[in-house]
Amino acid sequence: MTSARLAAGVLLIAVPLVFTAAFTGLQMTFDYPDILRHPAGEVLTRFAASGWDLHAYWYAMMIAAVGLIPASVATGLALWKRDNLLSGLSIAFGVLAGLVQALGLIRWVMLTPALAAAYVAPGATETDQAMATALFDAANRYLGVGVGEHLGYLFTGVWTLLVSALIFSERRILATTGVALSFTVMAGMLEPFGVPYTADINAIGFSLWALWALVLGVALLREVRIGTPAPLSAV
């Protein structure tokens, strides 16, 4: 499983780096994720006034989500001999996590640019603008909150729990950290129900989760170099 471990290590480093870079770019240029709590008309106007960089950041976010699919497959194969059942489940939930997140994010790549252009078009009527905002709100609620976030948080959290269980015997610190972070990620599922502080917990947790995945990737690459898992004292 050396090739699988190598692929998992590379992907688990690349995916968090792309995600973090894109997320930081969106924070700086689009006030993300706070912008999502603003009226649809304001979001579409700001999107239409943006440059190519905003489109690139959203595309990179989607690529990071898609990248989680092969990363989870490679990780499951790399850990297959430790527990076939848990490894298989981790692959399934990792693929689902990447898929639903990509489905949620693709609205920013394909749908939102068209709606933003229609909203600010010189000849746009109030009816045209109302239609654009209604479509944006519907897509944001279903693809964003429902598919990309609610299901994405659930599947990502479960994937993290399963991988943490698989690595616990060799890397207890990293595994324990993964368990804790999985619950902070899944806390975002409670935001639509009005549970306070869950959005902040999720935002911090997801940023730390990206770091956790990167550390796991480095650890797997170290195993490729030394040929065996690191001792229990290692992260």
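Residues numbered from 1 in each chain as written. Predicted model: local features only at pLDDT ≥ 70, side-chain atom pairs only at ≥ 80, totals over all residues. Heavy atoms only, no water.

Trainee: Before we go on, may I ask you to explain the overall build of the chain in this structure?
Mentor: Counting secondary structure elements, the chain contains seven helices and zero strands. Written out in order from the N terminus, the α and β elements of the chain read α-α-α-α-α-α-α. Against the globule reference of 18 Å for 235 residues, the chain gives a C-alpha radius of gyration of 19 Å, in line with a compact fold. Looking at the chain residue by residue over its 235 residues, the buried ones come to 43%. Considering only intrachain contacts with a sequence separation of at least 6, the fraction spanning at least 24 residues in the chain is 77%. Approximately 11100 Å² of the chain is accessible, and the part contributed by carbon and sulfur atoms is 71%. Between the mean site of the 11 positive side-chain charges and the mean site of the 13 negative ones, the chain shows a separation of 19 Å. (Helix = DSSP H or I, 4+ residues; strand = E, 2+ residues; numbered from the N terminus. Rg over C-alpha atoms; globule rule 2.2 N^0.38 Å. Buried < 20%, exposed > 50% of the residue type's maximum accessible area, 1.4 Å probe, protein only. Contact = heavy atoms within 4.5 Å. Areas by Shrake-Rupley, 256 points an atom, 1.4 Å probe, with all protein chains shown as cover. Lys, Arg positive; Asp, Glu negative; His and termini not counted. Charge placed at Lys NZ, Arg CZ, Asp CG, Glu CD.)

Trainee: Teacher, can you tell me more about helix H2 (residues 40-48) here?
Mentor: Residues that lie three or four places apart on an α-helix share one face, since the helix turns once every 3.6 residues. By the burial criterion, the buried members of H2 are Ala40, Gly41, Val43, Leu44 and Phe47. Down the axis of H2, the buried set is contained in an arc of 160°. They therefore lie on one face. (Arc of directions from axis to C-beta.)

Trainee: What should I look at first to understand the side chain of Glu223 in this one?
Mentor: Secondary-structure assignment places Glu223 in helix H7 (residues 198-226). Using a relative accessible area of 2% as the deciding quantity, one classes Glu223 as buried. Within polar-contact distance, the side chain of Glu223 engages the side chain of Arg5 at 3.0 Å. (Polar contact = N/O pair within 3.5 Å; in protein donor to acceptor, adjacent residues only side chain to side chain.)

Trainee: What exactly am I supposed to notice about the confidence of the model for the chain here?
Mentor: Close inspection of predicted coordinates is inappropriate in any region flagged by low pLDDT. Within the chain, residue pLDDT values average 93, and 95% of them lie at 70 or more. Contacts from residues 230-235, a stretch scored under 50 in pLDDT, to residues over four places away or in other chains number 14 contacts. (pLDDT = per-residue confidence, 0-100.)

Trainee: Help me understand the nonpolar core, please; the structure alone is not making it clear to me.
Mentor: Side chains of a nonpolar character, in soluble globular proteins, are inclined to be buried together. In this structure, Phe30, Trp58, Met61, Trp209, Trp212 and Leu216 are the most contacted members of the largest nonpolar core, which totals 55 residues. If you list the elements that add at least two residues to this core, you get helix H1 (2-30), H2, helix H3 (52-78), helix H4 (84-120), helix H5 (126-167), helix H6 (172-186) and H7. Met61 has contacts with Phe19, Ala22, Phe23, Leu26, Tyr32 and Leu105, leaving out every residue within four places of it along the chain. (Core = buried A, V, L, I, M, F, W, Y, C linked by side-chain atoms within 4.5 Å.)

Trainee: Looking at this model, I keep getting lost on the pattern of salt bridges. Mind explaining?
Mentor: If the charged atoms of two oppositely charged side chains come close together, the side chains can form a pair. Using the criterion set out here, one finds six salt bridges in the structure. When the shortest N-O distance is used, the salt bridge between Glu223 and Arg5 registers 3.0 Å. With Glu223 in helix H7 and Arg5 in helix H1, this residue pair connects regions lying 218 residues apart in the sequence. Grouping residues by exposure puts Glu223 and Arg5 together as buried. Two residues, Glu191 and Arg37, come together in a salt bridge whose shortest N-O distance is 2.9 Å. Separated by 154 residues along the polypeptide, Glu191 in the loop between H6 and H7 and Arg37 in the loop between H1 and H2 bring together distant segments of the chain. Note on Glu191: relative accessible area 30%, which makes it partly exposed. It is possible to trace a salt-bridge network through shared partners that takes in Arg5, Arg82, Glu170, Arg171 and Glu223. (Salt bridge = Lys/Arg side-chain N within 4 Å of Asp/Glu carboxyl O.)

Trainee: I would appreciate a short explanation of the packing of H3 against H4 in the present structure.
Mentor: How two helices sit against one another is set out by the angle between their axes and by the gap between those axes. Here H3 crosses H4 at 170°, and the two axes come no closer than 8 Å. By the angle between their axes, H3 is roughly antiparallel relative to H4. For the contact of H3 with H4, the residue count by class is 20 nonpolar, eight polar and no charged. (Axes fitted to C-alpha atoms, helices over the stretch in contact; angles between N-to-C directions. Parallel < 35°, antiparallel > 145°, perpendicular 65-115°, else oblique. Nonpolar A, V, L, I, M, F, W, Y, C, P; charged D, E, K, R; others polar.)

Trainee: I would appreciate a short explanation of unusual backbone geometry in the present structure.
Mentor: Among all residues except glycine, the phi angle is most often negative; among peptide bonds, the trans geometry is most common. Following Tyr32, the chain continues into Pro33 via a peptide bond in cis, with omega recorded as 5°. Along the chain, the position of Pro33 falls in the loop between H1 and H2. Notably, Asp31 is not glycine yet its phi reads approximately 55°, a positive angle. Position of Asp31 relative to the elements: it lies in the loop between H1 and H2. One non-glycine residue with positive phi stands out, namely Tyr197, at about 70°. Its place among the elements puts Tyr197 in the loop between H6 and H7.

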